[in-house]
Amino acid sequence: HCRYLWVVQLAAWLLVFSTILERPLWCTQPHTMEKVEHPCYNDMYPSFPIPYLSFNQHLWIEIPLTAVIIADLCVLSYSQETQVRSGVGGILVVVMSLYVCDIAISAETPHHSFRLAPYLRILIAVLYSKAVASKAVLVARTIPPISHVFALGFTFLLFF
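Residues numbered from 1 in each chain as written. Predicted model: local features only at pLDDT ≥ 70, side-chain atom pairs only at ≥ 80, totals over all residues. Heavy atoms only, no water.

Peer 1: I'd love a proper account of the overall build of the chain, names of residues and values included.
Peer 2: Scanning the chain for helices and strands turns up eight helices and zero strands. Helices and strands in the chain line up, N terminus first, as α-α-α-α-α-α-α-α. Counting only contacts in the chain whose residues sit at least 6 apart along the sequence, the fraction spanning at least 24 positions is 67%. Of the accessible surface of the chain, which amounts to about 11200 Å², a share of 72% is contributed by carbon and sulfur atoms. (Helix = DSSP H or I, 4+ residues; strand = E, 2+ residues; numbered from the N terminus. Contact = heavy atoms within 4.5 Å. Areas by Shrake-Rupley, 256 points an atom, 1.4 Å probe, with all protein chains shown as cover.)

Here it is, written out as structure tokens:
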């Protein structure tokens, strides 16, 4: 599993990069298209002159990369069941479940509806980052000793 972890991390970062190639939401909204012809290439809506992928083309990129990450979770679940049920593995299972639901819902609804995918892609890449994981452990260890300071600050804001 550790030997192929770089492939999964690459898939997670490619998902984040695919967000750049995804057509922005304001380009596909019907009320915007009624007011402005070709909103993606209009000066009123500035964007970079890059070719955006169609929804179906983006799905052809998104689904295989997601399958790589899900396969990694399955291998991890089979080999180390306790790691998937708790900690970062558990969070990753929840995020991937939301991501798969978002893909399914977006495939069935009009293409101009809101998607959680860009935010979930970043969260997936962050959860696969070892540097972020070590910093998250440090933050988790720091919060309990100073929680009374947060409670005092919250109480001050609440009553004053």
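Peer 1: Outline the nonpolar core, listing residues and values.
Peer 2: Grouped burial of nonpolar side chains is what soluble globular proteins tend to show. The biggest cluster of nonpolar side chains holds 21 residues, and the ones touching the most others in it are Ala12, Ile69, Leu92, Met96, Tyr99, Ile124 and Tyr128. Broken down by secondary-structure element, the contributors of at least two residues to this core are helix 1 (5–21), helix 4 (55–79), helix 6 (87–108) and helix 7 (117–127). It is helix 1 that contributes the most residues to this core, six residues altogether. Excluding its chain neighbours within four sequence positions, the residues that come into contact with alanine 12 are Ile69, Ile124, Ala125 and Tyr128. (Core = buried A, V, L, I, M, F, W, Y, C linked by side-chain atoms within 4.5 Å. Buried < 20%, exposed > 50% of the residue type's maximum accessible area, 1.4 Å probe, protein only.)

Peer 1: Give a description of helix 6 that names residues and reports values.
Peer 2: Here helix 6 contains 22 residues, and its C-alpha end-to-end distance of 32 Å stays within 8% of the 32 Å for a straight helix at 1.5 Å per residue. Among all positions in helix 6, only Gly89, Gly90, Leu92, Val95, Met96, Tyr99, Asp102, Ile103 and Ser106 are buried. (Expected span 1.5 Å × (residues − 1).)

Peer 1: Can you lay out the side chain of glutamate 22 for me, pointing to particular residues and giving the numbers?
Peer 2: Along the chain, glutamate 22 turns up in the loop between helix 1 and helix 2 (25–28). Residue glutamate 22 is classed as buried on the basis of its relative accessible area, which comes to 16%. Among the polar contacts made by the side chain of glutamate 22, one reaches the side chain of arginine 115 at a distance of 3.3 Å. At 3.1 Å, the side chain of glutamate 22 and the side chain of arginine 121 are in polar contact. With residues near it in sequence (within four places) discarded, glutamate 22 still touches Tyr52, His58, Arg115, Pro118 and Arg121. (Polar contact = N/O pair within 3.5 Å; in protein donor to acceptor, adjacent residues only side chain to side chain.)

Peer 1: Please provide a residue-by-residue account of the packing of helix 6 against helix 7, values included.
Peer 2: Close contact between helix 6 and helix 7 brings their axes to 10 Å; oriented N to C, the two are set at 155 degrees. Here helix 6 lies roughly antiparallel to helix 7, going by the angle between them. Between helix 6 and helix 7 lies a crossing whose hand is left-handed. Residue-level contacts link Val88, Ile91, Leu92, Val95, Met96, Leu98, Tyr99 and Asp102 of helix 6 to Ala117, Leu120, Arg121, Leu123, Ile124 and Leu127 of helix 7. When the residues that make up the contact of helix 6 with helix 7 are grouped by side-chain class, the tally is 12 nonpolar, no polar and two charged. (Axes fitted to C-alpha atoms, helices over the stretch in contact; angles between N-to-C directions. Parallel < 35°, antiparallel > 145°, perpendicular 65-115°, else oblique. Left-handed = near helix turned anticlockwise from the far one by under 90°. Nonpolar A, V, L, I, M, F, W, Y, C, P; charged D, E, K, R; others polar.)

Peer 1: Break down a nonpolar patch on the surface for me, citing the residues and quoting the values.
Peer 2: On the surface, Tyr4, Trp6, Val7, Leu10, Leu14, Phe17, Ile20 and Val68 cluster together to form a nonpolar patch covering roughly 780 Å² of accessible area. Per element, the largest residue contribution to the nonpolar patch is six residues, and it comes from helix 1. Phenylalanine 17 sits in the partly exposed class, given a relative accessible area of 46%. (Patch = residues over 30% accessible without salt bridge, like charges linked within 9 Å, V, L, I, M, F, W, Y side chains within 5 Å. Salt bridge = Lys/Arg side-chain N within 4 Å of Asp/Glu carboxyl O.)

Peer 1: Tell me about helix 8 (residues 130–159), and please be specific about residues and values.
Peer 2: Taking 1.5 Å as the rise per residue, helix 8 with 30 residues should run 44 Å; its terminal C-alpha atoms sit 41 Å apart, in good agreement. Approximately 60 degrees is the largest bend angle found in helix 8, and it occurs at isoleucine 146. (Bend = angle between axes of the 7 residues up to and from the residue.)

Peer 1: Tell me what's going on with the packing of helix 1 against helix 7, and back it up with residues and numbers.
Peer 2: Closest axis-to-axis distance for the helix 1/helix 7 pair is 8 Å, and the angle between their directions is 150 degrees. Here helix 1 lies roughly antiparallel to helix 7, going by the angle between them. Taken as a pair, helix 1 and helix 7 cross one another with a handedness that is left-handed. Residue-level contacts link Ala12, Trp13, Leu15, Val16, Ser18 and Thr19 of helix 1 to Pro118, Arg121, Ile122, Ile124 and Ala125 of helix 7. Looking at the contact of helix 1 with helix 7 residue by residue, the class counts come to eight nonpolar, two polar and one charged.

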